[in-house]
Amino acid sequence: MKTVKKQLSPAERDELLGTLKIRFENNMNRHKKLEWSKVQARLEANPEKLWSLNEMENTGGEPDVVGNDTKTGEYIFFDCSAESPKGRTSLCYDREALDSRKEHKPKNSATDLAAAIGVELLTEEQYQELQTVGTFDTKSSSWVKTPPDMRKLGGALFGDRRFGRVFFYHNGAESYYSGRGFRGSLRV
C-alpha cells in the first residue's frame, strides 16, 4: 500500500499560509488577542499539521484559529465554513456503520475521513463553542463525536443551527445525507 506524503511543497505551503493569514485577519472575532506571526511560526514548525490544514481547506472546511491552549501553547483550528464542508458530505458516521450497510453504501465514513486527514470530529462542546464565534450550519448539519454508550446502541449525533438556536439530534450511524458532513478540530 502506498503511503500518502503528508508534507506540502514550498509553493503549496506558501499558498495555504497566505489563505490562512487572510482568513485570520478577516475574522478577528474568532481569536481575539492572538497574533498571526505566532500562529504562523507554530504552523511552519509542524509540516504534518500544515498538511492536515490543507486537507481541511481542500475539502471546503475553511479552517481558522478559534483558540489557544495556554498550557500547551497549541493553537486550535476548527472548520469555519458557513455550511458543513462540501467535500465531506454524504458520509455515514463510522466504519462499523459503513460496513453494516448492505447496499447504497456511501463512499466513506466521517470518522475514517477525519483520521485520514489528521483531524478529530468536533465534540458537542466544541460545536457549541464554534457557534459562539459565528453562525454555522443553517442549511446543513454536521456529525459530532458521539458518546460510546450511544454509539453502542447504533446511534450517532449531529448538530445544526435553526431558528437562532443550536440543536443536537440523533440518527442511525449508518445514515447519510448530502447536506450532512462533519467539522474537524486540529491542534497545532
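Relevant structure appears above.
This section reports on the structure supplied with the text. These figures come from a predicted structure and were not determined experimentally.

About the cut-offs
- Residues numbered from 1 in each chain as written.
- Predicted model: local features only at pLDDT ≥ 70, side-chain atom pairs only at ≥ 80, totals over all residues.
- Heavy atoms only, no water.
- Phe/Tyr/Trp six-rings, centres within 6.5 Å; stacked < 30°, edge-to-face > 60°.
- Helix = DSSP H or I, 4+ residues; strand = E, 2+ residues; numbered from the N terminus.
- Buried < 20%, exposed > 50% of the residue type's maximum accessible area, 1.4 Å probe, protein only.
- Lys NZ or Arg CZ within 6 Å of the ring centre and 35° of its normal.
- Salt bridge = Lys/Arg side-chain N within 4 Å of Asp/Glu carboxyl O.
- Pairing = 2+ DSSP bridges.
- Axes fitted to C-alpha atoms, helices over the stretch in contact; angles between N-to-C directions.
- Parallel < 35°, antiparallel > 145°, perpendicular 65-115°, else oblique.
- Left-handed = near helix turned anticlockwise from the far one by under 90°.
- Contact = heavy atoms within 4.5 Å.
- Nonpolar A, V, L, I, M, F, W, Y, C, P; charged D, E, K, R; others polar.

1. A short note on the packing of aromatic side chains
Across all of its chains, the model carries six aromatic pairs by this definition. With a centroid separation of 5.6 Å and 65° between ring planes, the pair formed by Y93 and W143 is classed as edge-to-face. Highlighted residues: Y93 in the loop between β2 (75–79) and α4 (95–100) and W143 in strand β4 (residues 141–144), separated in sequence by 50 residues. Pair check on accessibility: Y93 and W143 agree, each one buried. Between the aromatic rings of F167 and Y169, the centroid separation amounts to 6.0 Å while the plane-to-plane angle is 25°, which identifies the pairing as stacked. Through successive ring pairs, a cluster of aromatic residues spans Y93, W143, F158, F167 and Y169. When the ring centre of F182 is taken as origin, the NZ or CZ atom of R88, which lies over that ring, is 5.0 Å away. The cationic tip of R180 hangs over the ring face of F158; the distance from NZ or CZ to the ring centre is 3.4 Å.

2. Re the pattern of salt bridges
In this structure the tally under the stated criterion is 13 salt bridges. A salt bridge links R95 to D99, with the shortest nitrogen-to-oxygen separation between them at 3.6 Å. Residue R95 and its partner D99 are both found in helix α4; the two are separated by four residues, about one turn of the helix. D99 gets classed as partly exposed once you look at its relative accessible area, which sits at 46%. Bridged by salt links that share partners, the residues D69, E74 and R187 form one connected network.

3. Side note on the sheet that holds strand β6 (residues 165–172)
Backbone-to-backbone hydrogen bonds pair the strands of a sheet. The strands run either parallel or antiparallel. Taken together, four strands build an open sheet; the order of strands is β6-β5-β4-β7 and the sheet is mixed. Here the strands that pair on one side only, and so sit at the sheet edges, are β6 and β7 (180–182). Strand-to-strand twist in this sheet, taken as the mean axis angle between neighbours without regard to direction, amounts to 35°. The pairing of strand β5 (residues 155–162) with β6 spans eight bridges and is antiparallel. Bridge pairing links D160 to F167 in β6.

4. Some details on the pairing of strand β1 (residues 63–68)
The buried fraction of β1 amounts to five of the six residues, a majority that puts the element mostly inside the structure. Note: β1 against β2, five bridges, orientation antiparallel. Bridge assignment links D64 to a residue of β2, and that residue is F78. Hairpin remark: β1 followed by β2, antiparallel, with six residues in the connecting loop; positive phi at G73, about 85°.

5. Quick notes on the packing of helix α1 (residues 10–26) against helix α2 (residues 36–44)
One can describe the packing of α1 onto α2 by two numbers: an axis separation of 11 Å at closest approach and a directional angle of 150°. Judged on the interaxial angle alone, α2 and α1 are roughly antiparallel. By crossing handedness, the relation of α1 to α2 is classed as right-handed. Counted together, L17, L20, K21 and F24 of α1 and W36, V39, Q40, L43 and E44 of α2 form the full contact between these two elements. Residues that form the contact of α1 with α2 fall into these classes: six nonpolar, one polar and two charged.

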